[in-house]
Amino acid sequence: MGPVLRRIAVVALAASAFAVPATAHAAPHRQVPKGFFGVMADGPLTDGLVAAPPEFARMQSSGVESVRVVFDWSRAQPFAGGPFDFSESDAFVAGAAARGLRVLPVVLHAPAWAVDGDPQYGTPPRDPADYAAYVGALVRRYRPGGAFWVANPQLRAVPIRVWQVWNEPNVPFYWSQQPFAAGYVRLLKAARAAIRAADRKATVLLAGMTNGASSPSWEALRLILRAGGRGQFDAVALHPYTSKVSNILRTVRYARAEMRRRGGIKPVWLTEISWSSSNRRTTDRFATWDTTERDQARMVRSALTTLASERRALNIRQVTWYTWLSPQVDRSKWFDYAGLSRMRDGRVVRKPALKAYANVARRLAGR
């Protein structure tokens, strides 16, 4: 996930742009709930290297209905006690709303003033209340009837109702103080209280637990539950990176078994799934989800179709592909080849994976 969300220039579209012409033909049957298929926005899209409005338009036409993005606390409040700067999150939310896209924020990256010691990207805040104050302010701004929508009546409101508390704390890059569970649960409790106070119907989403760590996602969930996390979230998030689609289902089942043993099963959000198309051109030899562009498209098709068919049985509420747009790279990390599109010589190149994604997402959404 790209660490920086820079300012994005967006153009709000008139409400008439969403008008659907009347037709005598019956609409195709929607097989997944609204927002089920999503993508991650980071890298060139959020770093300002490409214009955002055309990418939002391409997302919409490709069947994307939700966009996961980092709301970067360190950029919104660089000074202790200072006011929150919502300009970056406002720009992203406006651009997504102009295309009817739901935004799924993952809130992380503590500013230097809020941490002890080295202010790395994944250093947790010393006082969870500081983080909770930022999260609460975000919820009040983007909830139904929130200040952002009141100030922008020209937009069709797409309020944010799901808030993801941090990202992959079972990885040292995102949570530098390991073991992570006790500290993360303290942060989660403070964030939940702030979210509930601002929007009692909002969904508190657990940080995405990844398989690419010393403790796989279901074991990380077990540690959170043991540390007192039960009852502090409404849905579990998993990042089941693996070579086979069947192993994604196995990961979900293992996580559900952990929840069952400890008091009740919550819905599951797959807030990152992906296969890289580097074709072994990276140094990440551990990444068994590394393949060719052609096979990446095949895995997109297989994964989205399978997860949609199993969503009721496993209570899967949403699936996010990591990522929408990859940077131009040369023998970099596996995730720099994960995009449905990629950069080449300053322009966006659409990969076979995007066509595969669009074919499945549009069909299952009744489009």
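The paragraphs below set out a description of the structure included in this document. (Residues numbered from 1 in each chain as written. Predicted model: local features only at pLDDT ≥ 70, side-chain atom pairs only at ≥ 80, totals over all residues. Heavy atoms only, no water.)

### Focus: the environment of E55
Part 1 of the reasoning: Residue placement: E55 occurs in helix α1 (residues 52–61).
Part 2 of the reasoning: For the pair E55 and W324, spaced 269 residues apart in sequence, the C-alpha to C-alpha distance is 9.0 Å.
Part 3 of the reasoning: The contact partners of E55, leaving out residues within four places of it in the chain, are L45, V50, W324, V348 and R350.
Part 4 of the reasoning: One polar contact links E55 to R350, side chain to side chain, over a distance of 3.0 Å. (Helix = DSSP H or I, 4+ residues; strand = E, 2+ residues; numbered from the N terminus. Contact = heavy atoms within 4.5 Å. Polar contact = N/O pair within 3.5 Å; in protein donor to acceptor, adjacent residues only side chain to side chain.)

### A short note on the sheet that holds strand β3 (residues 102–108)
Part 1 of the reasoning: Taken together, the eight strands give a closed barrel; going around it, the order is β1-β2-β3-β4-β5-β6-β7-β8, and neighbouring strands pair in parallel fashion. Ignoring which end each strand starts from, the neighbouring axes of this sheet average 30 degrees apart.
Part 2 of the reasoning: As paired elements, strand β1 (residues 37–40) and strand β8 (residues 316–321) share three bridges and run parallel to each other. Across the sheet, G38 pairs through a bridge with T320, a residue of β8.
Part 3 of the reasoning: Contacts from helix α8 (residues 245–261) reach β6 (235–239), β7 (268–273) and β8 within the one sheet, and its direction differs from that of β7 by about 140 degrees.
Part 4 of the reasoning: Sheet strands touched by helix α10 (residues 352–364): β1 and β8. Its angle to β1, the strand with the most contacts, is close to 145 degrees. (Pairing = 2+ DSSP bridges. Axes fitted to C-alpha atoms, helices over the stretch in contact; angles between N-to-C directions.)

### Topic: the packing of aromatic side chains
Part 1 of the reasoning: Applying the stated criterion to the full structure yields 24 aromatic pairs.
Part 2 of the reasoning: The interplanar angle of 65 degrees and the centroid separation of 4.8 Å between the aromatic rings of W218 and Y254 together place this pair among those described as edge-to-face. In this pair, W218 is assigned in helix α7 (residues 217–229) and Y254 in helix α8, connecting sequence segments 36 residues apart.
Part 3 of the reasoning: Between W275 and W321 the ring centres are 6.2 Å apart and the planes differ by 25 degrees, which places this aromatic pair in the stacked class. Here W275 is found in the loop between β7 and α9 (293–314), whereas its partner W321 is found in strand β8, with 46 residues between them in sequence. Across this residue pair, the class does not change: W275 and W321 are buried.
Part 4 of the reasoning: Three or more aromatic residues joined by ring pairs make a cluster, and in this case those are W73, F84, F86, W113, Y131, Y134, W166, W175 and Y184. (Phe/Tyr/Trp six-rings, centres within 6.5 Å; stacked < 30°, edge-to-face > 60°. Buried < 20%, exposed > 50% of the residue type's maximum accessible area, 1.4 Å probe, protein only.)

### Some details on helix α3 (residues 87–97)
Part 1 of the reasoning: Along α3, ten of the eleven residues are buried, which leaves the element largely enclosed by surrounding structure.
Part 2 of the reasoning: Among all positions in α3, only E88, S89, D90, A91, F92, V93, A94, G95, A96 and A97 are buried.
Part 3 of the reasoning: Looking at the buried residues of α3, the elements they touch are α1, β2 (66–72), α2 (73–76), β3, α4 (128–142) and α5 (147–151).

### Thoughts on the nonpolar core
For soluble globular proteins, the rule of thumb is that nonpolar side chains tend to be buried together.
Part 1 of the reasoning: By size, the foremost hydrophobic cluster in this structure holds 110 residues, and its most contacted members are F71 and Y184.
Part 2 of the reasoning: By size, the runner-up hydrophobic cluster in this structure holds six residues, among which are V162, L205, A235 and W269. (Core = buried A, V, L, I, M, F, W, Y, C linked by side-chain atoms within 4.5 Å.)

### Re the side chain of D199
Part 1 of the reasoning: Checked against the element boundaries, D199 lands in the loop between α6 (181–198) and β5 (203–210).
Part 2 of the reasoning: By relative accessible area, D199 is classed as buried at 8%.
Part 3 of the reasoning: At a separation of 2.9 Å, a polar atom in the side chain of D199 contacts the side chain of R161.
Part 4 of the reasoning: Those residues in contact with D199 that sit more than four places away from it in its chain are V139, R143, P144, I160 and R161.

### Some points on the sheet that holds strand β10 (residues 341–344)
The pairing of strands in a sheet happens through backbone hydrogen bonds and is either parallel or antiparallel.
Part 1 of the reasoning: Here we have three strands laid out as an open sheet, ordered β9-β10-β11, and mixed in their pairing. Each end of this open sheet is capped by a strand with a single partner; those strands are β9 (325–326) and β11 (347–350).

### Looking at unusual backbone geometry
Part 1 of the reasoning: A cis amide bond links Q178 with the next residue in sequence, P179, at an omega value of 0 degrees.
Part 2 of the reasoning: With an omega dihedral of 10 degrees, the bond running from Y322 to T323 counts as a cis peptide bond.
Part 3 of the reasoning: Position of T323 among the secondary structure elements: in the loop between β8 and β9.
Part 4 of the reasoning: The phi dihedral of W166 is positive, around 75 degrees, even though this residue is not glycine.
Part 5 of the reasoning: Turning to its location among the elements, W166 is positioned in the loop between β4 (162–165) and α6.
Part 6 of the reasoning: The phi angle at D345 is positive, at roughly 55 degrees, despite the residue not being glycine.
Part 7 of the reasoning: Tracing the backbone through its elements, the reader meets D345 in the loop between β10 and β11.
Part 8 of the reasoning: Among the residues examined, D345 registers a relative accessible area of 66% and is labelled exposed.

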